[in-house]
Amino acid sequence: MLEEVRRSRSAQTGVLTRLNNEIRTLIENEEEVEKLIEKRASYERIWKRFIDIHEEYFILLVNEHDKEAARHSYLEQIEKKLNLESLIKEQFNKRNGEVACSSKVSEQSSKSS
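The rules behind the values
- Residues numbered from 1 in each chain as written.
- Predicted model: local features only at pLDDT ≥ 70, side-chain atom pairs only at ≥ 80, totals over all residues.
- Heavy atoms only, no water.
- Helix = DSSP H or I, 4+ residues; strand = E, 2+ residues; numbered from the N terminus.
- Buried < 20%, exposed > 50% of the residue type's maximum accessible area, 1.4 Å probe, protein only.
- Axes fitted to C-alpha atoms, helices over the stretch in contact; angles between N-to-C directions.
- Parallel < 35°, antiparallel > 145°, perpendicular 65-115°, else oblique.
- Left-handed = near helix turned anticlockwise from the far one by under 90°.
- Nonpolar A, V, L, I, M, F, W, Y, C, P; charged D, E, K, R; others polar.
- Phe/Tyr/Trp six-rings, centres within 6.5 Å; stacked < 30°, edge-to-face > 60°.
- Lys NZ or Arg CZ within 6 Å of the ring centre and 35° of its normal.
- pLDDT = per-residue confidence, 0-100.
- Contact = heavy atoms within 4.5 Å.
- Salt bridge = Lys/Arg side-chain N within 4 Å of Asp/Glu carboxyl O.

A. Examining unusual backbone geometry more closely. The phi torsion at E30 lies on the positive side, around 50°, for a residue other than glycine. Note on placement: E30 falls in the loop between α1 (2-28) and α2 (33-60). You can call E30 exposed: its relative accessible area is 51%.

B. Representation of the packing of α1 against α2. For the pair α1 and α2, the least separation of the axes is 9 Å and the interaxial angle reads 155°. Comparing the axis directions of α1 and α2 gives the class roughly antiparallel. Note on packing geometry: the crossing formed by α1 with α2 is left-handed. Residue composition of the contact of α1 with α2, by class: 16 nonpolar, six polar and eight charged.

C. Representation of the packing of aromatic side chains within the structure. This model, assessed by the stated rule, comprises two aromatic pairs. A centroid spacing of 5.6 Å and a plane angle of 40° characterise the contact between W47 and F50, whose relative ring orientation is tilted. A residue pair is termed a helical-turn pair when its members lie 3 or 4 positions apart in one helix, as W47 and F50 do in helix α2 at three residues. Given the relative accessible area of 0%, F50 is considered buried. Members of the aromatic cluster, connected to one another through ring pairs, are W47, F50 and Y74. If you follow K67 out to its NZ or CZ, it ends over the ring of F58, 5.6 Å from the centre. K81 extends its terminal NZ or CZ atom over the ring of W47, reaching a point 5.6 Å from the ring centre.

D. Focus on the confidence of the model for the protein chain. On average, residues of the protein chain carry a pLDDT of 88, and 85% of them reach 70 or more. Taken together, the stretch residues 99-106 has pLDDT below 50 and engages in zero contacts with residues farther than four places along the chain or on a different chain.

E. Region of the structure containing the pattern of salt bridges. For the structure on display, the rule yields nine salt bridges. Note that R7 and E3 form a salt bridge whose closest N and O atoms lie 3.9 Å from each other. You can see R7 and its partner E3 sitting in helix α1, four residues apart, about one turn around the helix. Judged by its relative accessible area of 39%, E3 falls in the partly exposed class.

What follows is the structure, encoded as structure tokens:
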């Protein structure tokens, strides 16, 4: 049972890493917001699964060294998630600012016509 849960937790960690990288690529390439929103939703679904599996895994651990390693890995995942959320928020703020600026330019140019 422990080994099965460990493998499942590891798989979820891998998927989180892949989605994290895909989201960062979407941001770097300034892809459509809809794609970013979809990937973020996928990331959140996998995050919830990871949390559930991590909790199950942690309960099954008996060795303190293993528990500490699991805690450390969990904290690393939280840090990655927080960094990603900050990057996403920054990107949305940037894009909203660009939309607001372009709207103001459009309004000004139509007034001067």
